[in-house]
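Okay, here's what each chain looks like letter by letter:
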Amino acid sequence: MTDFFPAAHLGHVAFNAQQGDAALRILSQQDFNNARTEIIEWTGYEPTPLVTLPALASKVGVGAILYKHEGPRFGLGSFKALGGSYAAQCVLQRELTRQTGQQVTLADVRTGKYRAECAGITLVSATDGNHGRSLAWGCQYFGAPCRIYIHAQVSEGRATAMRDLGADVIRIKGDYDASVALAKKEAEENGWFVVSDTSWPGYSQPPRDVMSGYGVMTQEICDALDQPPTHIFLQGGVGGLAAGVIAGLRQHWGDNAPRVIIVEPELAACLFESARNGAATSVTINEETLMAGLSCGEPSELAWEILAEEASDFLTIPESVVAPAVRLLARPLEGDQAIEAGESAVAGLAALILARQKPEISAKLGLDAGSRVLLIGSEGVTDPVIFTAIMEGRDAA
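Quick caveat, the model's predicted, so the values are computed rather than measured. (Residues numbered from 1 in each chain as written. Predicted model: local features only at pLDDT ≥ 70, side-chain atom pairs only at ≥ 80, totals over all residues. Heavy atoms only, no water.)

## Details of the packing of helix α7 (residues 130-142) against helix α8 (residues 156-164)
Packed helices, taken two at a time, are described by the angle their axes make and the gap between the axes. Taken N-terminus to C-terminus, the directions of α7 and α8 make an angle of 10 degrees; their axes are 8 Å apart at the nearest point. Taken together, α7 and α8 sit at an angle that is classed as roughly parallel. Across the interface between the two elements, Gly 132, Arg 133, Ala 136 and Gln 140 from α7 touch Arg 158, Ala 161, Met 162 and Asp 164 from α8. Tallied by class, the residues present in the contact of α7 with α8 amount to 3 nonpolar, 2 polar and 3 charged. (Axes fitted to C-alpha atoms, helices over the stretch in contact; angles between N-to-C directions. Helix = DSSP H or I, 4+ residues; strand = E, 2+ residues; numbered from the N terminus. Parallel < 35°, antiparallel > 145°, perpendicular 65-115°, else oblique. Contact = heavy atoms within 4.5 Å. Nonpolar A, V, L, I, M, F, W, Y, C, P; charged D, E, K, R; others polar.)

## A word on the environment of Ile 339
If you trace the backbone, Ile 339 turns up in the loop between α14 (322-330) and α15 (347-357). Once residues lying within four places of it in the same chain are set aside, the contact partners of Ile 339 are Val 51, Leu 53, Tyr 67, His 69, Leu 329 and Ala 330.

## Section: the side chain of Asp 209
With respect to the element layout, Asp 209 can be found in helix α10 (residues 205-224). When its relative accessible area of 6% is taken as the criterion, Asp 209 is described as buried. (Buried < 20%, exposed > 50% of the residue type's maximum accessible area, 1.4 Å probe, protein only.)

## With respect to the side chain of Asp 383
Along the chain, Asp 383 falls in the loop between β11 (372-377) and α17 (384-391). Despite its burial, Asp 383 pairs with no opposite charge, the nearest such side chain being Arg 158 at 4.5 Å. Apart from residues no more than four positions distant in its own chain, Asp 383 is found in contact with Ser 155, Gly 157 and Arg 158. (Lys, Arg positive; Asp, Glu negative; His and termini not counted. Salt bridge = Lys/Arg side-chain N within 4 Å of Asp/Glu carboxyl O.)

## Re the environment of Val 245
Structurally, the position occupied by Val 245 is in helix α11 (residues 240-253). Placed 11 residues apart in sequence, Val 245 and Leu 234 show a C-alpha to C-alpha distance of 8.6 Å. Ignoring sequence-local partners within four residues, the contact set of Val 245 consists of Met 217, Thr 218, Ile 232 and Leu 234.

## Side note on the sheet that holds strand β8 (residues 231-235)
Taken in spatial order, the 7 strands of this open sheet run β1-β10-β9-β8-β11-β3-β2, and their pairing is mixed. Only two strands of the sheet have a single neighbouring strand rather than two, namely β1 (11-14) and β2 (50-52). Strand-to-strand twist across the sheet, computed as the mean angle between neighbouring axes with direction ignored, equals 25 degrees. Sheet analysis places strand β9 (residues 259-265) next to strand β10 (residues 311-317), joined by 6 bridges and oriented parallel. Counted as the bridge partner of Ile 262 is Phe 314 from β10. Those strands touched by helix α13 (residues 301-310) are β9 and β10, and its axis lies near 110 degrees from that of β10. (Pairing = 2+ DSSP bridges.)

Have a look at this one:
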């Protein structure tokens, strides 16, 4: 039993995953190898920390908590630096090959061989913040114009960070899904190229590139471990992070890969509802969650193919546990390392704590004193104003 924050509702759906090969077919080992070969050559690349939290694990009642801290990633504060930027590079490589009639390589794009030509290829996307920042950084790196569409509730701090990287930021009145629709519409009208982390019918290659980039993070985790975790709690969103990590773990550990548990906000639970319905399901977002990066109402169909075969459980958490979880990492138990994490980074930790408060759910998830739990700390402090408000106990909305 834990006392980090009061017991709160934890939604749970046990999912009867269908056995299949999606984790090998949709994202191949070659896809991951190609991404890793390129990304480790980017200026500023270095593996991010895999932090052990023994005091917290003891308090929660598990054998180990392993926290992959993505805050230092390329100075952008988020795992998204691996996905959006790499997908931008791939889109530019394919379009340059088409335009020139020659086989342009990813290295050609990285080293600036076609920088003048890149200046005529505009890349666009919708974002809650981190994917757009990654795309803007990649476009600046490779020399391409960038347009980012954000919805009404994206903080001005996150918008400013993208503008500082050279992006043209367009704010709309609707929600994230409305910003996705507008980005698609204006790209089609103007001959621009959408670089999205979510897929839809007829659009799958850039999201596949995004997930391939995430495989760099997964390989870093596997390289740091001599045995697989028993469980991994993965935040939802559109599902791209979860699917990319799952595929990498399955390819590395095979049948010994950890049990997969997906975590979402109650306010944006499209994967939870997909699990309940047994098919990819969109939901209406009536109120924005503090976990801005997870405020997604429409799952990626490509990612869902992997989740439907690999995830055993889907959880939802309430807003009330987010800020306490952020504070818990920043002001840790004695002996644990302090971690400054963003709101979306703590979904897995909050769900783990709530699950250990509820013996019946712990039993359903197979959690016990010997469990070794992997958490993906998907972002650091990507909005200092919100982080400061959380640490001071003020309303961060």
